[in-house]
Amino acid sequence: MTGPIRVLIVDDHPVVRDGLRSVIDGEPDMAVVGEAGHGAEALARVAADLVDVVLMDLRMPTMGGVEAIEQLRRRAPSVRVLVLTTFDTDRDVLPAIEAGATGYLLKDTPRDELLRAVRAAHRGEAVLSPAVAGRLMGQVRTQAQDPLSSRELEVLRLVAAGSTNREAAQKLFISEATVKTHLLHVYAKLEVRDRASAVAAGYQRGLLVPEDR
């Protein structure tokens with residue numbers, strides 16, 4: 001039988017950490033194994049303790065959440081990071097997802113949704129609050145006529161070669177959630193709805209060549 005989900009809470013406000021601890025420790029399948037007041041402290045705690053999921057704020061002193069997520073992705077790739085913040089602007093959401101966050105929630109998320117998100121993040125599933133998902137899709141729509149970025153083209157080539165999202169993430173050293181975000185951009189820019197159509201459109205537009213198979 002597996003043990004409880006081990007959660008590290010990272011926020012520079014003690015009252016927020018106390019509230020999250022009371023919520024999480026009340027669940028039989030979860031346990032708070034530590035707290036941190038900024039990103040650098042979080043990295044130290046992850047190095048010292050066994051952690052499954054990190055609840056990460058973004059704007060903190062010493063080291064912010066995005067930098068901490070990037071370093072965690074390299075140092076402890078098995079650890080899932082679930083952003084929990086008050087900020088939902090493009091300059092907050094997109095860098096966090098691209099850095100490797102498994103999910104992104106706002107602090108007004110209801111208790112039950114937060115707990116479901118922790119469990120989903122532990123399973124490696126991408127979790128986005130409705131506001132954040134809407135913002136990401138809006139970003140995709142505004143970029144729909146732009147050419148594919150070099151990373152989006154890399155993802156498309158791997159998909160054309162038969163890689164799953166997980167395999168593509170491993171080959172590119174990025175999170176599976178980031179691969180999914182890049183694919184959303186690819187679908188919008190190529191005006192398609194699925195992987196097969198994206199590959200077909202890639203060949204039709206000359207973005208892919210037979211060697212990519």
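The structure this text deals with has already been given above.
What comes next concerns the included structure. Just so it is clear, the structure is predicted and the values come from calculations on it, not from any experiment.

### Observations concerning the packing of helix H7 (residues 150-160) against helix H10 (residues 195-204)
Logical step 1: One can describe the packing of H7 onto H10 by two numbers: an axis separation of 10 Å at closest approach and a directional angle of 110°. As summarised for this structure, H7 and H10 are arranged roughly perpendicular, according to the angle between their axes. Residues Leu156, Val159 and Ala160 of H7 lie in contact with H10, whose contacting residues are Arg195, Ala198, Val199, Gly202 and Tyr203.
Logical step 2: The residue makeup of the contact of H7 with H10, split by class, is six nonpolar, one polar and one charged.

### Comments concerning the nonpolar core
Logical step 1: Counting residues in each nonpolar core, the largest one holds 27 residues, and the members touching the most others are Val10, Val46, Val54, Met56, Ile69 and Tyr104.
Logical step 2: It is helix H4 (residues 90-99) that contributes the most residues to this core, four residues altogether.
Logical step 3: For Val46, the residues in contact, after removing those within four places along its chain, are Leu8, Val51, Val54, Leu72, Ala76 and Val79.

### Describing helix H5 (residues 111-122)
Logical step 1: Along its twelve residues, H5 runs 17 Å from first to last C-alpha, staying within 8% of the 16 Å computed at 1.5 Å per residue.
Logical step 2: Residues of H5 that are buried: Leu114, Leu115, Ala117, Val118, Ala120 and Ala121.

### Structural notes on the packing of helix H2 (residues 39-48) against helix H3 (residues 65-75)
Logical step 1: At their nearest, the axes of H2 and H3 sit 9 Å apart, and the two run at 20° to each other. In terms of orientation, H2 lies roughly parallel with respect to H3. Considering only the axes of H2 and H3, their crossing is right-handed. Contact with H2, carried on its side by Gly39, Leu43 and Val46, involves Ala68, Gln71, Leu72 and Arg75 of H3 and no other residues of that element.
Logical step 2: Among the residues making up the contact of H2 with H3, the classes are represented as four nonpolar, two polar and one charged.

### Here we look at the sheet that holds strand E4 (residues 80-85)
Logical step 1: Spatial ordering of the open sheet is given by E2-E1-E3-E4-E5-E6, a layout of six strands whose pairing is parallel. A strand with exactly one partner marks an edge of an open sheet, and here the two such strands are strand E2 (30-36) and strand E6 (127-128).
Logical step 2: Sheet analysis places E4 next to strand E5 (residues 103-106), joined by four bridges and oriented parallel. Paired with Thr85 across the bridge in E5 is Leu106.
Logical step 3: In the packing of helix H1 (residues 14-25) onto the sheet, contacts are made with strand E1 (5-10), E2, strand E3 (53-56) and E4, and the angle to E2 comes to roughly 165°.
Logical step 4: Sitting on the sheet, H4 touches E4, E5 and E6, and the angle it makes with E5 is about 150°.

Each value, and the rule that gives it
- Residues numbered from 1 in each chain as written.
- Predicted model: local features only at pLDDT ≥ 70, side-chain atom pairs only at ≥ 80, totals over all residues.
- Heavy atoms only, no water.
- Axes fitted to C-alpha atoms, helices over the stretch in contact; angles between N-to-C directions.
- Helix = DSSP H or I, 4+ residues; strand = E, 2+ residues; numbered from the N terminus.
- Parallel < 35°, antiparallel > 145°, perpendicular 65-115°, else oblique.
- Contact = heavy atoms within 4.5 Å.
- Nonpolar A, V, L, I, M, F, W, Y, C, P; charged D, E, K, R; others polar.
- Core = buried A, V, L, I, M, F, W, Y, C linked by side-chain atoms within 4.5 Å.
- Buried < 20%, exposed > 50% of the residue type's maximum accessible area, 1.4 Å probe, protein only.
- Expected span 1.5 Å × (residues − 1).
- Left-handed = near helix turned anticlockwise from the far one by under 90°.
- Pairing = 2+ DSSP bridges.

These values are about where atoms sit, not about what they do.
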